[in-house]
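Chains, contacts and geometry: an overview
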Amino acid sequence: MGYGDVQMIDENGIRVDGRKAGDVRPISIELGVVPVADGSCRMTWGTNEVIVAVYGPMEAHPRKIQRQDRAVLDVRYNMAPFSTSDRIRPGFNRRSREISKVTSDALESVVLLELYPRSKIRVEIEIICAEAGTRCVGLTAASVALADAGIPMTDLVVSVASGKINGVVVCDLNKSEDNYGEADLPMGILPNSGELSFLQMDGDLSQEEFQEAWDYNMEAAMVIGGYCAEALKNGGYNL
Amino acid sequence: MSIPLVPQLLRSHLIELAENDQRLDGRGQWDGRDVQLEVGILGNAEGSAKVRMGDTIVYAGVKFQTMTPYSDRPNQGGLMCSAELRPVAGRQHEPGPPSPESIELGRVVDRGIRESGCIDTEALCIIPGEKAWQVILDLYAISDDGNLFDAFALAGIAALRNSVIPLAKFELGEDIPLDVSKTPIMCSYHRVGGRYVYDASGREELGGDERIHITLGADAHVHSLQKGLKGTFTAGEFAELMKQARTKGDELRDLVHSLEGGN
Amino acid sequence: MKGWSVARPDNMSGKGNAAGPHDSQQAPLLVAPGEDLGDSEGYEVGHGVIVMDGRLRATKQGQMKKDGKSVSILPSRTKYFPRPGDLVIGLVEGCTNNIWFVDIGAPFNAILPMSLGPAKMEFGGTRSVIDIGEAILCRVQEVEETHSSVVTMKGMGLRKIRSGTVEDIDPHLLGRLIGRQGKALRQLKEDTECRVVAAENGRIWIDGDFEGMLEVRNRLRKMTAEAKAATPGGVA
């Protein structure tokens, strides 16, 4: 089946899961879910479920990975074997490596690493159940877990993806929309400054559609940023 | 896993506690931590369970694949069990290829379930010699505060017992529940401060010595045994552990069955 | 660009901080990292606060404190960060002929040079004085900008810990344990007839009668549980 062959949005603009174009799937945030970690967060977003644990800052071993001027941020994104419809074989995976790297780059932009020279901060992102947009959930949950660990940062990072289905630009693609959609634009937004620290895109969007997707992401990130802040202040958030 | 440094003070304190019949968290010698068991919690797995024992938290997920049966067993499917000790579970767990510890962990749990015969591998055959189901049980630790063995074994059998063979997904008919005829239960004992205790915590494991894992079925048949780490034990000690494992095993088996309701 | 306090949806729990951050309110003002705390003009920044583009901004999750002209965050949770003069309990992780490497629960290990050790000794005799895996009561001598810290065992009461047990609590709970002018800690020692040394890095050395030690540990556990229950989300 090619792009656009499946009708995913009706004449009233209602999507397969009942959302309107600009709506985000339901989100819940729970803190302290990994009791042995220094900070942790469980985030559900639609049927995505992600657990993030933060360890550190701590002594960086081995010595050769130490940086004299700042801490090393060691971010790992990993999907549990049972997280998707087809089992994922554990072990090396190019997709996970790339997502780990861009997530790390996005977080390095907000964490005050220079306060902890020669240390290491480990961020472990585990996808327990995947629907669509796991990299966005992972990045958002990681920034909340870092805050839960008391690691100083200039802002949170909220990540959300908009895309296009049946020629209509919509916010926060679910699984079937992601499979049959025509474009996907995930962004990582700093909710207080409005700056971006993460950006990817694939598919086909006109300049106007791109702007529309961008605006949806910005709007959604502000709302989700509010949920994250609320979760950190009140120990959790449940929509 | 990096080799954790054993604080000598912890060891000497554990000996003092054992001499006074006490444990670090106030439990009795054969007491376990509170167990929370949930099943059917993961949307993308054909069977799933989550176990929390104190601050130890693990998930188990079951997936099905089709396989070509082995030529010497053309009418049998397969069961595969793998344990992953991801670095998320604790400071001491380092990233990298599977450690000998996590391989041992997976294999001990695997043997207990496989050898109990709870899954009829012949029933997993679709077309003899051509196609059969492979049941894959993945064990996943989220937080390691000791005794991952028992947590994995409990989550594993509970996940299998609530699994559904996804016939529809493979266009082979309607989904049917996986038939699991038995409920093998593992009980693990660590030597801490010179004596054996049940369900050691992370600190007890750190300051303790050898461990013994016993997997029993409902009829008290023994399905797997494993002795791990440096240390020796006597026949008398082992007899006591076996006795304790029978009582504890029945208790945990009831817990697993209680979640299955009218089935 | 708007901050999220503006974009917050209406169905939120109503604990929003609609009032300006500098307004003194009866309830403590909770903040999350990145939150704007108002114009920096005329304010000094304390712990957990930075100035960006002329605005005060929180870098940690916790309670905002305003003390005169100084704005700071009392973090909900934070790692121990060594300062010179701190009394800490260290665990010896390794050694060379003349240096011990000591884990003090900080982002970086400390070193204990032979010259600051507990006794006069020969070059190469470090392990015979303090072995790997042993615990020591020591004091932070200096912390360099690049975080190499040095601890010393020269001083009153500093020693190798040979008996009792060491328990960990989150460093931010120390205030609760010690109490006003040390009252709570004194009471604990009297009640249990134990030696209780609360080190700045959250490690508590308990030594004394066996039953007393159990009692101290029970109370520590109770205190941690209460602190967790008092603040949602398992953080205190």
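Residues numbered from 1 in each chain as written. Chains lettered and ligands numbered in written order. Predicted model: local features only at pLDDT ≥ 70, side-chain atom pairs only at ≥ 80, totals over all residues. Heavy atoms only, no water.

Attention now moves to the state of the cysteines. Residue and element names in this part refer to chain A. Taken as a whole and judged by the stated rule, the model has 0 disulfides over all chains. Looking at C41, it has no disulfide partner, and the nearest cysteine sulfur is the one in C228, 7.5 Å off. Among the residues examined, C228 registers a relative accessible area of 0% and is labelled buried. (Disulfide = S-S within 2.5 Å. Buried < 20%, exposed > 50% of the residue type's maximum accessible area, 1.4 Å probe, protein only.)

Residue and element names in this part refer to chain A. At a closest axis distance of 10 Å, the pairing of helix α2 (residues 134-148) and helix α4 (residues 207-234) adopts a crossing angle of 30°. The angle between α2 and α4 places the two elements in the roughly parallel class. Between α2 and α4 lies a crossing of right-handed hand. Of the residues in α4, those in contact with T140, V144, A147 and D148 of α2 are I224, C228 and L232. Partitioning the contact of α2 with α4 into residue classes produces 5 nonpolar, 1 polar and 1 charged. (Axes fitted to C-alpha atoms, helices over the stretch in contact; angles between N-to-C directions. Helix = DSSP H or I, 4+ residues; strand = E, 2+ residues; numbered from the N terminus. Parallel < 35°, antiparallel > 145°, perpendicular 65-115°, else oblique. Left-handed = near helix turned anticlockwise from the far one by under 90°. Contact = heavy atoms within 4.5 Å. Nonpolar A, V, L, I, M, F, W, Y, C, P; charged D, E, K, R; others polar.)

Residue and element names in this part refer to chain B. Examined against the element boundaries, L172 turns out to sit in the loop between β7 (164-165) and β8 (176-177). Sequence-wise, L172 and T66 are 106 residues apart; in three dimensions their C-alpha atoms are separated by 11 Å. Residues contacting L172, with those up to four places away along its chain left out, are I126, K131, W133 and L167.

Another aspect to go through is the interface of chain C and chain B. Counting residues at the interface gives 21 residues for chain C, matched by 15 residues for chain B. Buried surface at the junction of chain C and chain B, summed over both partners, amounts to about 1400 Å²; 55% is from carbon and sulfur atoms. Its largest share of buried area at the contact with chain B, chain C owes to C:G133, C:F210 and C:R217, together 34% of the area lost on that side. Taken together, the connections running from chain C to chain B amount to 7 residue pairs in polar contact (both at pLDDT 80 or more). Contributions of two or more residues to the side of chain C that touches chain B are made by β8 (87-95), β14 (165-168) and α5 (210-230) of chain C. The element that contributes the greatest number of residues to the side of chain C that touches chain B is α5(C), accounting for 5 residues. Its residues assigned to classes, the side of chain C that touches chain B comprises 9 nonpolar, 4 polar and 8 charged. (Buried area = accessible area lost by both parts, 1.4 Å probe. Polar contact = N/O pair within 3.5 Å; in protein donor to acceptor, adjacent residues only side chain to side chain.)

Residues and elements named next belong to chain B. One way to put it is that helix α2 (residues 100-115) packs onto helix α3 (residues 148-161) with a least axis distance of 10 Å and a crossing angle of 45°. Of the possible angle classes, the one that applies to α2 and α3 is oblique. Relative to α3, α2 is oriented so that their crossing is right-handed. Residues E104, L105, V108, V109 and I113 of α2 touch α3, and the partners they reach there are L148, F149, F152, A153, G156, I157 and L160. The residue inventory of the contact of α2 with α3, partitioned by class, reads 10 nonpolar, 1 polar and 1 charged.

All names here are of chain A. One finds I29, I121, V123, I125, L146 and I224 to be the most contacted residues of the largest nonpolar core, which totals 70 residues. Considering every element that reaches this core, the biggest residue donor is α4, with 12 residues. Among all residues touching I224, those that are not within four sequence positions of it are V24, I27, W45, T140, V158 and V160. (Core = buried A, V, L, I, M, F, W, Y, C linked by side-chain atoms within 4.5 Å.)

In this structure the tally under the stated criterion is 8 aromatic pairs over all chains. Ring centres of A:F82 and B:Y140 lie 5.7 Å apart, and the angle between their planes is 75°; on these two criteria the pair is classed as edge-to-face. With A:F82 in the loop between β4 (72-79) and α1 (94-108) and B:Y140 in strand β6 (residues 131-143), this pair bridges two chains. B:Y140 carries the same exposure label as A:F82, and that label is buried. Ring geometry for B:W133 versus B:F170: centroids 5.0 Å apart, planes at 90°, classification edge-to-face. Remark: B:F170 occurs in the loop between β7 and β8 and B:W133 occurs in strand β6; sequence separation between them is 37 residues. Owing to a relative accessible area of 26%, B:F170 belongs among the partly exposed residues under this scheme. Through a chain of ring-to-ring contacts, three or more aromatic side chains come together here, namely B:W30, B:Y189 and B:Y198. Sitting above the plane of the C:Y43 ring, C:K69 keeps its charged end 5.2 Å from the centroid. (Phe/Tyr/Trp six-rings, centres within 6.5 Å; stacked < 30°, edge-to-face > 60°. Lys NZ or Arg CZ within 6 Å of the ring centre and 35° of its normal.)

What follows is about the sheet that holds strand β3 (residues 44-45) of chain C. Residue and element names in this part refer to chain C. Taken together, the 4 strands give an open sheet; going across it, the order is β1-β6-β7-β3, and neighbouring strands pair in mixed fashion. This sheet does not close on itself; its edge strands, each paired only once, are β1 (30-31) and β3. The pairing of β3 with strand β7 (residues 70-75) spans 2 bridges and is classified as parallel. Across the sheet, residue V45 finds its bridge partner in β7, namely V71. (Pairing = 2+ DSSP bridges.)

Moving on: the sheet that holds strand β11 (residues 211-216) of chain B. All names here are of chain B. Taking strand neighbours across the sheet as the criterion, the 4 strands line up as β10-β9-β11-β12 in an open arrangement whose pairing is antiparallel. Whereas interior strands pair on both sides, the edge strands pair on one side only; in this sheet they are β10 (195-198) and β12 (222-228). Taken pair by pair, the neighbouring strands of this sheet meet at an average axis angle of 20°, ignoring direction. Where β11 meets β12, 6 bridges bridge the pair, whose relative direction is antiparallel.

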